[in-house]
Amino acid sequence: MLGTPLDVLPYVRGIQMILSGYSGYTKGKRRDADKLIREEIVRAAGRTRSHISNIHDSAFKDGAIPIARAAKAACTEIDALVEDVDKSPTGMDHAFFSGSRSASNSDLKKLIKHDHDVIEMVTKSVNIANSAEHGFNSGLSPEEIIKLIRQCQQMTTSCRGFFGTRATILGGLRQKKKLKKE
Amino acid sequence: MSNVYRWRSNPTILARLVNANDIQTWKSKQVILKPNEACAFIIDGRIGDIVSEKIVRNVGGGLGRYLGDMLGATATDRRMLFAMTGPADISIPFESNLPNGSKVQGFANLRVQIRDDDIPKLLNMFANSAPLLDRERLIKVLQHELNNRVIAPALSQCQSGEDLRKPDFQEQFEMRAEVEMRSTLSTLGFTFLKAFVATNSTDSEKIAQLRSELSAATQTEGAHAEALMERIAIRESATLRRIECEVNVAKAQAAGKVSVEMESELKELRKQEAQWEAELKRDQGRSEMKMKEASHKTEQAMALFEQVQAKKRARINQQHDHQNQRMDKQNDIQMKMMEMAAQNGALTPDVMQEFLKQQTAQKAVDGSGGDMPSSMGQQTNSPKVCPGCGNTVQAEWNACPNCGNSL
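Below: a short report on this structure. All values reported here derive from a predicted model rather than from experimental measurement. Here the residue index of a chain counts from 1 through its sequence in written order. Labels follow written order: the first chain is A, the first ligand is 1, and so on. Totals for whole chains, interfaces and linings use every residue, but because this is a predicted model, local features are given only for residues with pLDDT of at least 70 and side-chain atom pairs only at 80 or more, for both listing and counting. Only hydrogens and water are set aside when side-chain values are computed; all heavy atoms of the structure are taken into account.

Residue and element names in this part refer to chain B. Under the DSSP-based scheme used, a helix requires at least four consecutive residues in state H or I and a strand at least two consecutive residues in state E, with every element numbered from the N terminus. For Leu17, the location among the structural elements is in strand 1 (residues 13–19). For Leu17 and Phe126, which are 109 residues apart along the polypeptide, the C-alpha to C-alpha distance reads 7.7 Å. Here, two residues are considered to be in contact whenever any of their heavy atoms come within 4.5 Å of each other. In this structure Leu17 touches Ile42, Arg79, Met80, Leu81, Leu123, Phe126 and Pro131, once residues within four positions along its chain are discounted.

Here you go:
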């Protein structure tokens, strides 16, 4: 395993602002880094879900069914994201048995940048959910609240899809490079 | 003997609290945590790590741990709280009434999940009960609250059994379940995901179903009857058609026989007709030949007759010429004698009278000589009858022109 490439160090620093234990996919820490990222996504999704759930409960009790309906849809999407992240592939410790090849600098860059972008995206989702709850409690119009909730749902969906590309990158690591015939 | 400790022996088990001190085996045990399993360690009353997707070695048993316990080198109380982290469906039966009094039975399905961070909350569940949580126990825990806080209020908004089947009811039920049950589930360590209700048929629906079934049975019977009638009609038409075909065939066969007979008879008739025609031609030929022969004889007779007549006319003309010449000569002589008499003065009335007498007598002689044949001719030309054919012939004819018989 190679060391962390220099040109992705800013991304690593950015992630470390949120996850202090993150050190990139250095040797022997690939699974730890992966686990940290996934836990952070789940945690952020939980925060988002809490905000949206609060809106849902309040809207249902107030009889604002359209808002509650939008909130329920967002919650369902968040649950799907959590499930995707929770059951995503990690990679194996034993490359010999798994057939994995060593990660190259390009792979590390992709993974680190990907982690940074996913964290950024899920953080945005939390912020939007927070804004939606704040707007709901501060008398924002139902249309605006629904708009924010749907933005949050859209961001979650994007995050879910973006996280799915992680499997593609890790899948690339599972493919051993064919030896060139001389 | 495997050293793997299995915390879950039944698929309905959702969580289990295990006292590691109860695992007493000679060989140390390890547990393999799959992606949908997690374990929270509670060491000496404190909540420790929550692990997943990992092989946790030396969870209990073994000689080393036994010795450590004996020497007091290990924790006094070690408990492991295992849980399934995948979504779990629980079906809670209910029985309630609609506002119109209809009885409603069914199941409320809740989809819940234990997330890794919430596993320690399961201790609330195990505080005053057995350290095993399965679906049945969770149903018992949630049933009363769900019936009173979710199902009964949701059903109270339904006016009839039909409202139970509407999507609005399901949506309202899910939202209400999430609102009302979230806090309880969260306290127990569960995350609420989805909910729906499945109701059995109500009495009114059963009546409607019975009506529908009876109607369907009636329609089915009607359809069968129609099909049977149609089949009978088809068979009838087929039978009639077959009979008609057979009759036609029989008719055709009979007509064929008749036609054959007719044809044979016709052939006979034609044969006889041809025979008759041949005989007729033969007779006509014969008669024609006879006619030709007869006409030939007649022509010959007519030709002979014409020759005789021509000779006769020539002879009469010759006689007339001779007579005229003689009369002319006599007239000349008489003229000359008159002239001589006149010249001699001997032309007296007596001479003239005598002359006229002689002239008259001469004319009478000439005339009688000329008229005699005609008078005689009239007598000889009187019609006669041919003894051969019976036709009228002239008296002077030597042969009959019709039959050629000699007269």
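Right, picking up where we left off after that structure.
Within a beta sheet, neighbouring strands are joined by backbone hydrogen bonds and run either parallel or antiparallel to one another. Residue and element names in this part refer to chain B. The pairing criterion for strands is at least two bridges between them, as found by DSSP. Spatially, the three strands line up as an open sheet ordered 5-6-8, and their pairing is antiparallel. The open sheet has two free edges, formed respectively by strand 5 (88–97) and strand 8 (191–199), since each of these has just one partner strand. Taken over all neighbouring pairs, the strand axes of this sheet differ in orientation by 20° on average, direction set aside. Bridge count between strand 6 (residues 103–113) and strand 8: eight bridges; the pairing is antiparallel. Residue pairing in the sheet places Ala108 in a bridge with Val197 of strand 8. For helices, the fitted axis covers only the stretch in contact; all axes are lines through C-alpha atoms, and the angles between them, taken along N-to-C directions, range from 0 to 180 degrees.

Here the focus is the interface of chain B and chain A. Chain B puts 20 residues into the contact, and the matching count from chain A is 20 residues. Counting each side, the surface lost to burial between chain B and chain A is near 1,800 Å², with a carbon and sulfur contribution of 46%. By salt bridge we mean one thing: a side-chain nitrogen of Lys or Arg within 4 Å of a carboxyl oxygen of Asp or Glu. Our count for the chain B to chain A interface comes out at seven salt bridges. Close ionic contact of Arg69 of chain A with Glu171 of chain B constitutes a salt bridge, the shortest N to O distance being 2.4 Å. A 3.5 Å cut-off defines polar contacts: any pair of N or O atoms within that distance qualifies, except that in protein one atom must be a possible hydrogen donor and the other a possible acceptor, and neighbouring residues in sequence count only when both atoms are side-chain atoms. In this structure, the connection of chain B to chain A is made through 10 residue pairs in polar contact (both at pLDDT 80 or more). Using a 1.4 Å probe, buried area is obtained as the accessible area two parts lose upon being combined, added over both of them.

With that settled, consider the packing of helix 3 (residues 135–156) of chain B against helix 4 (residues 167–188) of chain B. Residues and elements named next belong to chain B. The geometry of helix 3 relative to helix 4 is characterised by a closest axis approach of 10 Å and an angle of 150° between their N-to-C directions. Regarding the angle of helix 3 to helix 4, the classification is roughly antiparallel. Taken as a pair, helix 3 and helix 4 cross one another with a handedness that is right-handed. On helix 4, the residues that touch Val141, Leu142, Glu145, Leu146, Arg149, Val150, Ile151, Pro153, Ala154 and Leu155 of helix 3 are Phe169, Phe173, Arg176, Ala177, Glu180, Met181, Thr184, Leu185 and Leu188. The nonpolar class holds Ala, Val, Leu, Ile, Met, Phe, Trp, Tyr, Cys and Pro. Asp, Glu, Lys and Arg form the charged class, and all remaining residues, Gly among them, are polar. The residue makeup of the contact of helix 3 with helix 4, split by class, is 14 nonpolar, one polar and four charged. Each angle is binned into one of four classes, with values under 35 degrees roughly parallel, values over 145 roughly antiparallel, values of 65 to 115 roughly perpendicular, and all other values oblique. Crossing handedness is read from the near helix: turned anticlockwise from the far helix by less than a right angle, it gives a left-handed crossing, and turned clockwise, a right-handed one.

What follows deals with the packing of aromatic side chains. All names here are of chain B. When the centres of two rings from Phe, Tyr and Trp lie within 6.5 Å, Trp using its six-membered ring, the rings pair. Their planes under 30 degrees apart give stacked, over 60 give edge-to-face, and anything left gives tilted. Inspection of the entire model under this criterion finds three aromatic pairs over all chains. Ring geometry for Tyr5 and Phe82: centres 6.4 Å apart, planes at 40°, overall tilted. Here the residue Tyr5 occupies a position in the segment before strand 1, and Phe82 occupies one in strand 4 (residues 78–84), the gap between them amounting to 77 residues. As far as burial versus exposure is concerned, Tyr5 and Phe82 are alike and both buried. Between the aromatic rings of Phe169 and Phe173, the centroid separation amounts to 6.5 Å while the plane-to-plane angle is 35°, which identifies the pairing as tilted. Of this pair, Phe169 and Phe173 both sit in helix 4, four residues apart, roughly one helical turn. Assessed through its relative accessible area of 6%, Phe169 is described here as buried. These aromatic residues form a ring-pair network of at least three members: Tyr5, Trp7 and Phe82. For every residue, the accessible area (1.4 Å probe, protein chains only) is compared with the maximum for its type, and the residue is labelled buried under 20%, exposed over 50%, or partly exposed between those bounds.

Residue and element names in this part refer to chain A. Position of Glu77 among the secondary structure elements: in helix 3 (residues 65–86). We classify Glu77 as buried; its relative accessible area is 14%. Once residues lying within four places of it in the same chain are set aside, the contact partners of Glu77 are Gln153, Thr156, Thr157 and Arg160.

With glycine set apart, most residues show a phi of negative sign, and most peptide bonds adopt trans. Residue and element names in this part refer to chain B. In this model, Asp44 sits at a positive phi of 50°, which is unusual for a non-glycine residue. Along the chain, Asp44 falls in the loop between strand 2 (29–43) and strand 3 (46–60). A relative accessible area of 37% places Asp44 in the partly exposed class. A positive phi is found at Glu53, a non-glycine position, where the angle reads about 50°. Counting through the fold element by element, Glu53 comes out in strand 3.

Next up on the list: the pairing of strand 6 of chain B. Residue and element names in this part refer to chain B. Relative to strand 6, strand 5 runs antiparallel, the two being bridged by 10 bridges. Looking at strand 6, one finds that Ser91 is bridged to Asn109. Counted between consecutive antiparallel strands, the loop separating strand 5 from strand 6 contains five residues, among which Gly101 sits at a positive phi close to 95°.

The next subject is a nonpolar patch on the surface. Taken together, the side chains of Trp26, Leu63, Tyr66, Leu67, Met70 and Leu71 of chain B define a hydrophobic patch exposed on the protein surface, amounting to about 800 Å² of accessible area. If you trace the backbone, Trp26 of chain B turns up in the loop between strand 1 and strand 2. Only residues whose relative accessible area exceeds 30% and that form no salt bridge are eligible for patches; like-charged ones are grouped when within 9 Å, while nonpolar side chains (Val, Leu, Ile, Met, Phe, Trp, Tyr) are grouped when within 5 Å. Each accessible area is a Shrake-Rupley result for a 1.4 Å probe, and residues are judged covered by the shown protein chains and nothing else.

No statement about biological role is implied by the geometric values presented.
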